[in-house]
Amino acid sequence: MHAYEKAIADSLNSIANKEIYFSTSEIMALSEEIASEVVGELISWACQPTNVMPITIARNCLKQFPVEWVSPKIKQTVFRFVDITDDWDYRRLLELCELLSLDLLKWAIELNDKSTNPDIAEAVDDFNERLQQGLY
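Throughout what follows, the structure given in this document is the object of discussion. Bear in mind the structure is a predicted one, so any value in this text is a computation, not a measurement.

Criteria and thresholds
- Residues numbered from 1 in each chain as written.
- Predicted model: local features only at pLDDT ≥ 70, side-chain atom pairs only at ≥ 80, totals over all residues.
- Heavy atoms only, no water.
- Helix = DSSP H or I, 4+ residues; strand = E, 2+ residues; numbered from the N terminus.
- Rg over C-alpha atoms; globule rule 2.2 N^0.38 Å.
- Buried < 20%, exposed > 50% of the residue type's maximum accessible area, 1.4 Å probe, protein only.
- Contact = heavy atoms within 4.5 Å.
- Areas by Shrake-Rupley, 256 points an atom, 1.4 Å probe, with all protein chains shown as cover.
- Lys, Arg positive; Asp, Glu negative; His and termini not counted.
- Charge placed at Lys NZ, Arg CZ, Asp CG, Glu CD.
- Salt bridge = Lys/Arg side-chain N within 4 Å of Asp/Glu carboxyl O.
- Phe/Tyr/Trp six-rings, centres within 6.5 Å; stacked < 30°, edge-to-face > 60°.
- Lys NZ or Arg CZ within 6 Å of the ring centre and 35° of its normal.
- Axes fitted to C-alpha atoms, helices over the stretch in contact; angles between N-to-C directions.
- Left-handed = near helix turned anticlockwise from the far one by under 90°.
- Nonpolar A, V, L, I, M, F, W, Y, C, P; charged D, E, K, R; others polar.

## Looking at the overall build of the chain
The helix and strand tally for the chain stands at eight helices and zero strands. When the elements of the chain are put in sequence order from the N terminus, they spell out α-α-α-α-α-α-α-α. Taking 136 residues into account, the globule formula puts the C-alpha radius of gyration at 14 Å, and the chain, at 15 Å, falls close to it. Taking the principal axes of the C-alpha coordinates as reference, the chain spans close to 45 × 30 × 25 Å. Of all 136 residues assigned to the chain, the portion counted as buried reaches 47%. Once local pairs closer than 6 in sequence are excluded, the contacts in the chain between residues at least 24 apart make up 61%. As presented, the chain carries roughly 7200 Å² of accessible surface, and 48% of it is formed by carbon and sulfur atoms. Here the chain holds 12 positive side-chain charges and 23 negative ones, and the gap between their average locations is 3 Å.

Here it is, written out as structure tokens:
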């Protein structure tokens, strides 16, 4: 197991207080509170690092869940785990949402559609353009 994957696995297992990293069904069977914490931790790993390896690992984990299960958890936890005023984190969130669901992407775009930060505005414009071009 790669060091980044081990770090992510350890962080998720620690939240659940048991081995859950490789088991989507075990994560989904956790209490709502703990499952949301696990999803939040994965969002953090998917959006904050500057190295592509942990971003990719976390995204791949999140893609394993049914969108109707993971989407509400992302919406309820994202503000605790990601700084949407940081252009790096926000752009990674948009990329993650794009991988998971068109509706989730639209929601994430709306989070900052009035931002005066030029880097955030550029990210919003980039993903709105992708939507208008019908890339989905």
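## Considering the pattern of salt bridges
Opposite charge on two side chains makes pairing possible when the charged atoms of those side chains draw close. Enumeration according to the criterion identifies 10 salt bridges in this entry. Put simply, E32 and K73 hold a salt bridge, and the shortest N to O gap is 3.1 Å. With a gap of 41 residues between them, E32 in helix α3 (residues 32-47) and K73 in helix α5 (residues 67-81) connect regions that are remote in the sequence. Its relative accessible area of 48% is what places E32 among the partly exposed residues. Take K73: its relative accessible area is 4%, and that puts it in the buried class. Put simply, D126 and R91 hold a salt bridge, and the shortest N to O gap is 2.9 Å. On the criterion of sequence distance, the pair formed by D126 in helix α8 (residues 118-132) and R91 in helix α6 (residues 87-100) is long-range, its members being 35 residues apart. Residue R91 is classed as buried on the basis of its relative accessible area, which comes to 19%. By sharing partners, the salt bridges in this structure join R59, R92 and E95 into a single network.

## Examining the packing of aromatic side chains
Aromatic ring pairs are reported here in terms of the distance separating the ring centres and the angle at which the planes meet. As enumerated under the stated definition, the model contains three aromatic pairs in all. Taking 6.4 Å as the distance between ring centres and 70° as the angle between the ring planes, the aromatic pair formed by F79 and W107 counts as edge-to-face. Placement of the pair is F79 in helix α5 and W107 in helix α7 (residues 102-111), with a sequence separation of 28 residues. Sitting above the plane of the W69 ring, K73 keeps its charged end 4.3 Å from the centroid.

## Description of the packing of helix α4 (residues 52-63) against α6
Two elements in contact, α4 and α6, have axes whose closest approach is 10 Å; the angle formed by their N-to-C orientations is 35°. α4 and α6 meet at a crossing whose hand is right-handed. Between α4 and α6, the residues in contact are I55, R59, L62 and K63 and W88, R92, E95, L96, L99 and L100, respectively. Taken together, the residues that form the contact of α4 with α6 break down as six nonpolar, no polar and four charged.

## Points about the environment of H2
Assignment of secondary structure puts H2 in the segment before α1 (3-16). Residues H2 and T56 lie 54 residues apart in sequence; the distance between their C-alpha atoms is 12 Å.

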